[in-house]
Amino acid sequence: MTSHKTTQTMKPATAAKKLGVYLEATPAEFQEGVVTRSELNALQAEPPQWLQELRRNGPHPRPVVASKLGVSIAGLARGGVTEALTTEQIDTLKQENPEWLQKERATQAEVRKEAVRIKEKQAEQAERLQQSGS
């Protein structure tokens, strides 16, 4: 019995998300086509000029903007940032450091600390269980 391997494809929106770029800023041929897994791998391995430019200067999708600012996506929304931003706009926001950004960064830092605390607690519990079971 022979198996036919089908080529895995994805919508441009999915590919853009995996590449970390804002779909609306990509070339028309990228937005209108489908992307195969091998094409995506090639784009990641050797990004063309347009992809390098988008990654460097934006506009960036909200997850990338949130990461660059050190806040959550929800924190961006609370701060009124709902659109894609360029690297220049992100840098300006960092320099201005508005109150909402300071607050969201502090919130994010607390969330990270709590995540570490929970992980450590779970590790301790797992270790105790392992010791009591042996």
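Conventions and cut-offs
Residues numbered from 1 in each chain as written. Predicted model: local features only at pLDDT ≥ 70, side-chain atom pairs only at ≥ 80, totals over all residues. Heavy atoms only, no water. Axes fitted to C-alpha atoms, helices over the stretch in contact; angles between N-to-C directions. Helix = DSSP H or I, 4+ residues; strand = E, 2+ residues; numbered from the N terminus. Left-handed = near helix turned anticlockwise from the far one by under 90°. Contact = heavy atoms within 4.5 Å. Buried < 20%, exposed > 50% of the residue type's maximum accessible area, 1.4 Å probe, protein only. Arc of directions from axis to C-beta. Salt bridge = Lys/Arg side-chain N within 4 Å of Asp/Glu carboxyl O.

Caption draft 1: Quick look at the packing of helix α5 (residues 62–69) against helix α7 (residues 87–96). The contact between α5 and α7 brings their axes to 10 Å, and the two run at 35°. Considering how the two elements wind past one another, α5 and α7 form a crossing that is right-handed. Contacts from Val65, Lys68 and Leu69 of α5 reach α7 at Ile90, Leu93 and Lys94.

Caption draft 2: Broad picture of unusual backbone geometry. That bond from Gly58 to Pro59 is cis: its omega, 10°, falls within 30 degrees of zero. Looking at the element boundaries, Pro59 is found in the loop between α4 (49–57) and α5. One non-glycine residue with positive phi stands out, namely Asn97, at about 45°. Among the secondary structure elements, Asn97 is positioned in the loop between α7 and α8 (99–133).

Caption draft 3: Fine view of α7. Of the residues making up α7, those classed as buried are Thr87, Ile90 and Leu93. Seen along its axis, α7 keeps its buried residues to an arc of 120°; they face one direction. With respect to the buried face of α7, the exposed residues turned more than 90 degrees away are Glu88, Gln95 and Glu96.

Caption draft 4: Geometry of the side chain of Gln108. Tracing the backbone shows Gln108 in helix α8. Excluding residues within four positions of it along the chain, Gln108 makes contact with Gly70, Val71 and Ser72.

Caption draft 5: Spotlight on helix α1 (residues 12–19). By the burial criterion, the buried members of α1 are Pro12, Ala15, Ala16 and Leu19. Seen end-on, α1 carries its buried residues on one side only, within an arc spanning 100°. Among the structural elements, β1 (9–10), α2 (28–32), β2 (35–36), α3 (37–45) and α4 are those in contact with the buried residues of α1. Just past α1, the residue Gly20 takes up positive phi, approximately 75°.

Caption draft 6: Up close: the pattern of salt bridges. The full count for this structure, using the stated rule, is four salt bridges. In this structure, Glu104 and Arg78 form a salt bridge, with 2.9 Å as the shortest nitrogen-oxygen distance. Separated by 26 residues along the polypeptide, Glu104 in helix α8 and Arg78 in helix α6 (residues 73–78) bring together distant segments of the chain. Arg78 sits in the exposed class, given a relative accessible area of 54%.

No statement about biological role is implied by the geometric values presented.
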